[in-house]
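Geometric and topological summary
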Amino acid sequence: MQDLTRVSIRSCYLLMCWFHLMGSLKEKNKQGDGVNKNFVAPSGMNTIVKHFLHSSESNIFFETHCSSINRLEKPGSDGQNIKTWQVTDLKEKNSEFDTVIVTIPTPQLLNLKGSIQDFLESERSSLESVQYSSRFALALYFDRGAKINVPWTCKYVTEIRVCGLYPWIQERDWVKIPKMLGPSVLVHTSVPFGIQHLEMDLNDVKDLIIPYVKQILPDLPVPVNSRCIRWRYSQVSRGVEGSPGCAVLCSSPMLIACGDAFTHTNFDGCINSAQSVVDAFSKMSPDSSL
């Protein structure tokens, strides 16, 4: 039952250490020559997440969708009742934990089943007030050797409704693309576009976006594959009032809700929320080494 606690807290702690280091380098560079220093993940942003999950030394279970959280209470060997959380996934598999930290968007948090609903009651009003923007993302994949002849790597487009265009070009020395793969283009749509077409079929959305992409890149090769994703809860447009960082829903056993809904949507917001979780966990768990 310690695994979830270990991975959540250690990952938060490691994440803060990493971005503290990045912030220190940036600040040092500003004080020096006045030039901002940017950092990239050559093998993909997912490698950062994988690094911290690996560093947590915990058992990680992917593609496990939580459907309900219930508090259990049963007698212990010393006569004292033991309180734990029972988490059930969509396959009806039950797992018990002594601490649960939930980082999902607030609408999904409020839709969880089980006795967690009782502990959400005091926070329900503030959680229901959180608002998110919605976007679509379209990925276009090209044959190996295909060329995307543009002088930029990313571009923010304001003249049409597709607001962000991100071609990843194989020849860039800081992008490590396996030799068997070709380049790809990733497009994020604007907030108004997401609102207007939120419930539209994804294939129809893709057909709407591609003509906009061709306006920006008229010489774009024909993609060999594509994928469109609906990002229903993209960025927090209005967070929990006061930006508390997290909400301790129950102290025994510990149940914490956190994420950018409790701060704001950017790296700083995520780090602030992680810090608040570490502080809350350390305060409630005197034996914690954090």
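Above this text you will find the structure in question.
What comes next concerns the included structure. (Residues numbered from 1 in each chain as written. Predicted model: local features only at pLDDT ≥ 70, side-chain atom pairs only at ≥ 80, totals over all residues. Heavy atoms only, no water.)

1. Focus: the nonpolar core
Counting 24 residues, the largest nonpolar core has Ile69, Val100, Leu109 and Leu255 as the members making the most contacts within it. Once residues within four sequence positions are removed from consideration, leucine 109 is found in contact with Val102, Ile104, Ile116, Gln117, Leu120, Leu127 and Ala257. Residues Phe136, Ala146, Val150 and Trp152 belong to the second largest nonpolar core, which totals 20 residues. (Core = buried A, V, L, I, M, F, W, Y, C linked by side-chain atoms within 4.5 Å. Buried < 20%, exposed > 50% of the residue type's maximum accessible area, 1.4 Å probe, protein only. Contact = heavy atoms within 4.5 Å.)

2. Comments concerning the pattern of salt bridges
Under the counting rule described, the total for this entry stands at three salt bridges. Note that lysine 74 is salt-bridged to glutamate 96, the shortest N-O span being 3.1 Å. Pair noted here: lysine 74 is in strand E1 (residues 66–75) and glutamate 96 is in strand E3 (residues 94–97), with a separation of 22 residues, a long-range link. Residue classification places lysine 74 among the partly exposed positions, given a relative accessible area of 37%. By relative accessible area, glutamate 96 is classed as partly exposed at 28%. (Salt bridge = Lys/Arg side-chain N within 4 Å of Asp/Glu carboxyl O. Helix = DSSP H or I, 4+ residues; strand = E, 2+ residues; numbered from the N terminus.)

3. Description of the environment of histidine 65
Counting through the fold element by element, histidine 65 comes out in the loop between helix H2 (46–55) and E1. The spacing of histidine 65 and lysine 91 is 26 residues in sequence and 8.4 Å in space, taken between C-alpha atoms. For histidine 65, the residues in contact, after removing those within four places along its chain, are Thr88, Asp89 and Leu90.

4. Notes on the packing of aromatic side chains
Under the defined criterion, the tally for this structure stands at three aromatic pairs. Pairing tryptophan 85 with phenylalanine 119 gives two aromatic rings, centres 5.3 Å apart and planes at 80°, and the pair type is edge-to-face. Note that tryptophan 85 is positioned in strand E2 (residues 81–89) and phenylalanine 119 in helix H4 (residues 116–120), a separation of 34 residues in sequence. What makes tryptophan 85 buried here is its relative accessible area of 0%. With a centroid separation of 5.4 Å and an interplanar angle of 65°, the aromatic rings of tyrosine 132 and tyrosine 233 are classed as edge-to-face. Highlighted residues: tyrosine 132 in strand E5 (residues 131–132) and tyrosine 233 in the loop between strand E10 (225–231) and strand E11 (236–238), separated in sequence by 101 residues. Across from the ring centre of phenylalanine 61, 5.6 Å away, lies the NZ or CZ of lysine 93, which sits over that ring. (Phe/Tyr/Trp six-rings, centres within 6.5 Å; stacked < 30°, edge-to-face > 60°. Lys NZ or Arg CZ within 6 Å of the ring centre and 35° of its normal.)

5. Quick notes on the pairing of E1
Two strands pair when backbone bridges link them, and E1 and E2 are joined in this way by nine bridges, in the antiparallel orientation. Note that in E2 the partner of isoleucine 69 across the bridge is valine 87. Joining the antiparallel neighbours E1 and E2 is a turn of five residues, in which glycine 79 adopts a positive phi near 90°. (Pairing = 2+ DSSP bridges.)

6. Observations regarding unusual backbone geometry
The residue after serine 252, namely proline 253, is reached through a cis peptide bond having omega -5°. The topology assignment puts proline 253 in the loop between strand E12 (246–251) and strand E13 (254–258). The phi angle at glutamate 63 is positive, at roughly 50°, despite the residue not being glycine. Counting through the fold element by element, glutamate 63 comes out in the loop between H2 and E1. For glutamate 63, a relative accessible area of 84% corresponds to the exposed category. A positive phi angle, near 45°, is found at serine 243, a position not held by glycine. Position of serine 243 among the secondary structure elements: in the loop between E11 and E12.

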